[in-house]
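Survey of secondary and tertiary structure
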Amino acid sequence: MINKTVANVTEACQGIKDGMTFMLGGFGLSGIPENAIAELVRQNVKNVTCISNNAGVDDFGLGLLLQKHQIKKMISSYVGENAEFERQMLSGELEVELIPQGTLAQRCQAAQAGIPAFYTPAGYGTEVAEGKESREFNGKMHILESAFNADFAFVKAWKGDEAGNLIFKGTARNFNPNMCGAAKITVAEVEELVPAGTLDPNQVHIPGIFVQRIFKGEAYEKRIEQRTVRKK
């Protein structure tokens, strides 16, 4: 069986260049590839396009790349809690493509499945549909959306094996599964890395065929974006 393990995040990110397009899993701060993001900051890669549900917060997640103006374009479903993202978007410093959340997920999945484009009713009659082909199906108008074309997909899983099989935990199973195999190279960072054959096949969410590189991540913060607790 092919061993897809790499020694560390630096080796996992080999081949990264300025101007590339990256997919990054996560929803808010849940399930984001913290180690990969830190490495992108360290390498100071510039003029990149990032495909992610949102851009983290000002000082964490993709917000770290925004602070250093490493991102040329964000393709997201919402601005979220990131004030710097909002500032750069409104000032024109950052190119932003805001698309419906379901369309974002499906464009990832289409790339994963090798489907070049698909029709969806989401966004018809709005700015989202401008410049796009439209067609009627069963009495309802749809617009044509294309699959993403990314160079790297960075995902975070709870547990994985040397063959690249992945198990996600809780709400970290958000955009991460759809991004696996949706780019030329998929890099998975995991909290637990085990030998091939250790995982129960019935528990695997993503088979290793969708992953090219896997490594054991370190020092996860797992911040909570909005903490809500019961009153005593």
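Our structure's up above, just so we're on the same page.
In what follows, the accompanying structure is described.

Rules and cut-offs
Residues numbered from 1 in each chain as written. Predicted model: local features only at pLDDT ≥ 70, side-chain atom pairs only at ≥ 80, totals over all residues. Heavy atoms only, no water. Helix = DSSP H or I, 4+ residues; strand = E, 2+ residues; numbered from the N terminus. Buried < 20%, exposed > 50% of the residue type's maximum accessible area, 1.4 Å probe, protein only. Expected span 1.5 Å × (residues − 1). 1 Å grid on protein atoms, 1.4 Å probe; cavity = no way out; pocket = protein on both sides within 12 Å on 5 of 7 lines; lining within 4 Å. Points joined across faces, edges and corners; volume = space filled by probe spheres on them. Nonpolar A, V, L, I, M, F, W, Y, C, P; charged D, E, K, R; others polar.

1. Observations concerning the environment of Val41
- On the secondary structure map, Val41 appears in helix α2 (residues 34-43).
- A residue is classified by how much of its surface remains accessible, and Val41, at 18% relative accessible area, is buried.
- Residues Val41 and Leu62 lie 21 residues apart in sequence; the distance between their C-alpha atoms is 9.3 Å.

2. Structural notes on helix α5 (residues 101-113)
- Here α5 contains 13 residues, and its C-alpha end-to-end distance of 19 Å stays within 8% of the 18 Å for a straight helix at 1.5 Å per residue.
- Restricting attention to buried positions, one finds in α5 the residues Thr103, Leu104, Ala105, Arg107, Cys108, Ala110, Ala111 and Gln112.
- Residue Gly114 follows α5 closely and has a positive phi angle near 80°.

3. Regarding the layout of surface pockets
- Empty space within the largest pocket amounts to approximately 280 Å³.
- Class assignment of the residues belonging to the lining of the largest pocket gives a composition of eight nonpolar, three polar and seven charged.
- In this structure, the second largest pocket occupies an estimated 220 Å³ of space.
- Residue assignment for the lining of the second largest pocket shows that the elements contributing at least two residues are α2 and β11 (213-216).

None of this, on its own, says anything about what the molecule does.
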